[in-house]
Amino acid sequence: MLTSQGFHTFLMALKLSMRSRNSLLNDFKNYEKETGLIRVRPMKNQCGNIIPNCHIVEYTQKNSGISFLIIHNVYSTDFPYVVKAIINPKILSGTADYVTAATSEIMQKVIITFNREVRKISHVLKNFYYYTLQRIDYCINFDVKELGLGCSPEQMIKLIKQADIPPHFSERVEYNTTSHRRKTDNFSFYLQCKSVVVNCYWKHWQLFNEYPDCPDLNRSYNVIRFEIQCKYAKVYNMSKLLEISQGYWKVIDEMFSDSLASQVLTRYFNKIIGAGNYYTLDAARKMILRRNFKLQKEHRLISTLEFVNSMRGIANAKSALKNADNSDEFNRSLRELNELGINPVTIPKDWGIKTIPNLLCTYYNKLSNLHFDALQEERLMEMLKEYLPSK
């Protein structure tokens with residue numbers, strides 16, 4: 001399935017002394033001259049000015065899945081430089097796939113390929129396990145057609161963009177030259193804090209803008225990607241917790257495990273988008289009325305739905321009530337709606353859609369059904385073996 005869960009990009013770092021850095025830079029340039037497989041160039045800032053003592057090393061062929069940065073580390077005298085390896089695991093492992101997520105089962109091939117490539121270039125680059133993980137992007141792809149959600153990817157993103165923004169997070173805005181004001185992306189819900197970036201976006205739109213000749217452009221049309229980019233501070237904290245529970249030597253493998261990816265993605269998905277299904281405002285009202293709650297609770301929940309609808313989103317509604325006396329009551333209503341399986345964000349009436357199932361719940365239900373079907377097929381084959389003639 002295009003609907004898949006795992007990770008897609010990670011960044012590792014290796015500290016370098018001045019001598020090691022000079023040796024590595026020479027090795028990179030010699031490899032460029034001898035093979036033409038890589039390109040070494042100075043790093044530039046956003047203004048286009050060269051950053052002293054910093055270089056980018058990229059493969060000249062597309063679909064390499066790996067690039068390097070040599071960066072000056074001003075905070076260390078013993079190791080004044082660091083080389084960073086940016087890896088796309090699916091591409092590095094030889095799978096030319098820009099849509100589906102990588103899983104732990106391909107990591108052994110990724111490590112072998114990485115070690116083989118760096119050995120060709122320089123002994124300074126060492127092997128995979130000498131590096132420190134500095135960033136990992138966990139992701140889950142939801143193919144709205146594959147999951148049978150009954151809506152378009154554009155409609156789903158419009159609902160997601162009305163989701164909650166947790167404390168310490170802010171939504172990214174950029175200057176729009178047409179409207180002459182700062183705006184958010186139309187097909188992306190991008191939140192950031194010091195340690196984590198949450199990005200939920202229409203994959204087709206992202207590839208069309210950044211990689212228009214991508215071979216997977218058509219395949220990505222119905223895909224919504226929910227992505228958690230764990231920066232160094234987050235990775236460090238997670239690693240320390242894993243070190244206590246799993247032991248030092250298992251940390252790096254555990255960081256790439258399917259179970260950890262699932263935990264991280266589920267936590268942030270439920271915190272931001274929520275665990276409920278989407279309904280029209282009228283349908284959500286009727287669901288609450290059928291529960292026969294006390295009049296006060298019934299009124300509070302319906303008022304919360306109506307207020308979120310009028311403010312065009314949970315974050316906007318929370319912002320409007322920031323210093324209000326009833327903000328705690330509002331937050332309580334959001335939690336209770338979530339427990340009832342109702343997303344506070346409602347479907348516009350003119351869409352002609354009454355309900356849209358929760359993305360994450362639908363994904364896990366799909367996995368359960370596929371697993372059940374596989375078990376049934378396995379049992380059937382075992383039964384048939386009894387009746388098949390022996391060779």
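Residues numbered from 1 in each chain as written. Predicted model: local features only at pLDDT ≥ 70, side-chain atom pairs only at ≥ 80, totals over all residues. Heavy atoms only, no water.

Engineer: What is the right way to read the sheet that holds strand β4 (residues 66-72) from this model?
Structural biologist: Pairing between sheet strands relies on hydrogen bonds along the backbone, with the strands arranged either parallel or antiparallel. Sheet architecture is open: ten strands sit in the order β2-β3-β4-β5-β1-β6-β12-β11-β10-β7, paired in antiparallel fashion. The open sheet is flanked by β2 (38-44) and β7 (170-171), the only strands paired with a single partner. Across two bridges, the pairing between β7 and strand β10 (residues 188-192) is antiparallel. Along β10, the bridge assignment pairs Glu-171 with Leu-191. In the packing of helix α4 (residues 153-160) onto the sheet, the strands contacted are β10, β11 (196-202) and β12 (223-230), and the crossing angle to β11 comes to about 145°. Packing against the sheet, helix α8 (residues 258-272) makes contact with β1 (4-16), β6 (132-143), β10, β11 and β12, and its axis sits at approximately 65° to β6. (Pairing = 2+ DSSP bridges. Helix = DSSP H or I, 4+ residues; strand = E, 2+ residues; numbered from the N terminus. Contact = heavy atoms within 4.5 Å. Axes fitted to C-alpha atoms, helices over the stretch in contact; angles between N-to-C directions.)

Engineer: Whenever I open this one, helix α12 (residues 327-339) confuses me. Can you help?
Structural biologist: Helical periodicity: at 3.6 residues per turn, an α-helix aligns residues three or four positions apart in one direction. Taking 1.5 Å of rise per residue, 13 residues should cover 18 Å, and α12 covers 19 Å from first to last C-alpha, within 8% of that figure. Those residues of α12 that fall on the buried side of the exposure criterion are Ser-327, Phe-330, Ser-333, Leu-334, Glu-336 and Leu-337. As for α12, its buried residues are in contact with α9 (281-290), α10 (295-311), α11 (314-320) and β14 (342-347). (Expected span 1.5 Å × (residues − 1). Buried < 20%, exposed > 50% of the residue type's maximum accessible area, 1.4 Å probe, protein only.)

Engineer: Please explain the packing of α10 against α12 as it appears in this structure.
Structural biologist: To describe two helices that pack against each other, one gives the angle between their axes and the distance between the axes. Contact pair α10 / α12: the axes reach a minimum separation of 9 Å and the direction vectors enclose 95°. With respect to α12, the element α10 is oriented roughly perpendicular. Within the contact between the two elements, α10 uses Lys-297, Arg-300, Leu-301, Thr-304, Leu-305, Phe-307 and Val-308 and α12 uses Glu-329, Phe-330, Arg-332, Ser-333, Leu-334, Glu-336 and Leu-337. A class-by-class count of the residues in the contact of α10 with α12 yields seven nonpolar, two polar and five charged. (Parallel < 35°, antiparallel > 145°, perpendicular 65-115°, else oblique. Nonpolar A, V, L, I, M, F, W, Y, C, P; charged D, E, K, R; others polar.)

Engineer: What is the right way to look at the sheet that holds strand β13 (residues 277-280) in this model?
Structural biologist: Taking strand neighbours across the sheet as the criterion, the three strands line up as β14-β13-β15 in an open arrangement whose pairing is mixed. Across the chains shown, the open sheet's two edge strands, defined by having one partner strand only, are β14 and β15 (355-356). Relative to β14, β13 is paired through three bridges, and the arrangement is parallel. Among the inter-strand pairings, Asn-277 is bridged to a residue of β14, identified as Ile-342. Across the sheet, α9 touches β13 and β14, and the angle it forms with β13 is around 105°.

Engineer: So what exactly am I meant to see when it comes to unusual backbone geometry here?
Structural biologist: Phi is mostly negative for residues that are not glycine, and the peptide bonds are mostly trans. The phi angle at Lys-126 is positive, at roughly 55°, despite the residue not being glycine. Looking at the secondary structure, you find Lys-126 in the loop between α3 (107-121) and β6. Located in the positive-phi region is His-168, a residue other than glycine, with phi close to 75°. With respect to the helices, strands and loops of the structure, His-168 is situated in the loop between α4 and β7.

Engineer: Any chance you could explain the side chain of Asn-199 here in plain terms?
Structural biologist: Within the element layout of this structure, Asn-199 appears in strand β11. Of the polar contacts made by the side chain of Asn-199, one reaches the side chain of Ser-188; its length is 2.8 Å. Aside from chain neighbours lying at most four places away, what touches Asn-199 is Ser-188, Phe-189, Tyr-190, Arg-225, Phe-226 and Glu-227. (Polar contact = N/O pair within 3.5 Å; in protein donor to acceptor, adjacent residues only side chain to side chain.)

Engineer: Where do I start with the environment of Ser-17 in this structure?
Structural biologist: Inspection of the secondary structure assignment puts Ser-17 in the loop between β1 and α1 (18-35). Distance from Ser-17 to Val-82, taken between C-alpha atoms, is 8.3 Å for residues 65 residues apart in sequence. Residues within four places of Ser-17 in sequence aside, it is in contact with Asp-78, Phe-79 and Pro-80.

Engineer: Explain the nonpolar core to me, please; I cannot follow it from the model alone.
Structural biologist: Buried together is how nonpolar side chains tend to be arranged in soluble globular proteins. By size, the foremost hydrophobic cluster in this structure holds 88 residues, and its most contacted members are Phe-10, Phe-68, Phe-114, Tyr-138 and Phe-226. The greatest single-element share of this core, amounting to seven residues, is contributed by α8. Not counting residues up to four positions away in its chain, the partners in contact with Phe-10 are Ala-85, Ile-86, Ile-87, Pro-89, Met-107, Val-110, Phe-128, Leu-133, Arg-135, Ile-136 and Phe-256. The next biggest cluster of nonpolar side chains, apart from the first, holds ten residues, and it includes Leu-281, Ala-284, Leu-305 and Leu-337. (Core = buried A, V, L, I, M, F, W, Y, C linked by side-chain atoms within 4.5 Å.)

Engineer: What should I look at first to understand the environment of Pro-357 in this one?
Structural biologist: Tracing the backbone shows Pro-357 in the loop between β15 and α13 (359-385). The partly exposed category is assigned to Pro-357, whose relative accessible area is 28%. In this structure the C-alpha to C-alpha distance between Pro-357 and Tyr-278, which are 79 residues apart in sequence, comes to 6.3 Å. Among residues more than four places away in sequence, those in contact with Pro-357 are Leu-149, Asn-277 and Thr-362.

Engineer: For this particular structure, what's the right way to read the pairing of strand β5 (residues 81-87)?
Structural biologist: Moving residue by residue along a regular strand, the side chains alternate between the two faces of the sheet. With five of seven residues buried, β5 lies mostly within the body of the structure. Both β1 and β5 contribute to a ladder of seven bridges, which runs antiparallel. Paired with Leu-16 across the bridge in β5 is Tyr-81. The sheet contact formed by β4 and β5 spans seven bridges and is antiparallel. Among the inter-strand pairings, Ser-67 is bridged to a residue of β5, identified as Ile-86.

Engineer: Could you clarify how one ought to interpret the packing of aromatic side chains in this entry?
Structural biologist: A ring pair, where both rings are aromatic, is described by two values, the distance of the centres and the angle of the planes. Considering all chains together, one arrives at 19 aromatic pairs under this definition. Measuring from centroid to centroid gives 6.4 Å for Phe-142 and Tyr-363, while their planes differ by 90°, and the two rings are edge-to-face. Highlighted residues: Phe-142 in strand β6 and Tyr-363 in helix α13, separated in sequence by 221 residues. This pair shows no difference in class: Phe-142 is buried, exactly as Tyr-363 is. The structure contains a cluster of three or more aromatic residues connected by ring pairs, namely Phe-7, Phe-10, Phe-114, Phe-128, Tyr-129, Tyr-131 and Phe-256. Seen from the ring of Tyr-81, Arg-21 lies directly overhead, with NZ or CZ sitting 4.7 Å from the centre. (Phe/Tyr/Trp six-rings, centres within 6.5 Å; stacked < 30°, edge-to-face > 60°. Lys NZ or Arg CZ within 6 Å of the ring centre and 35° of its normal.)

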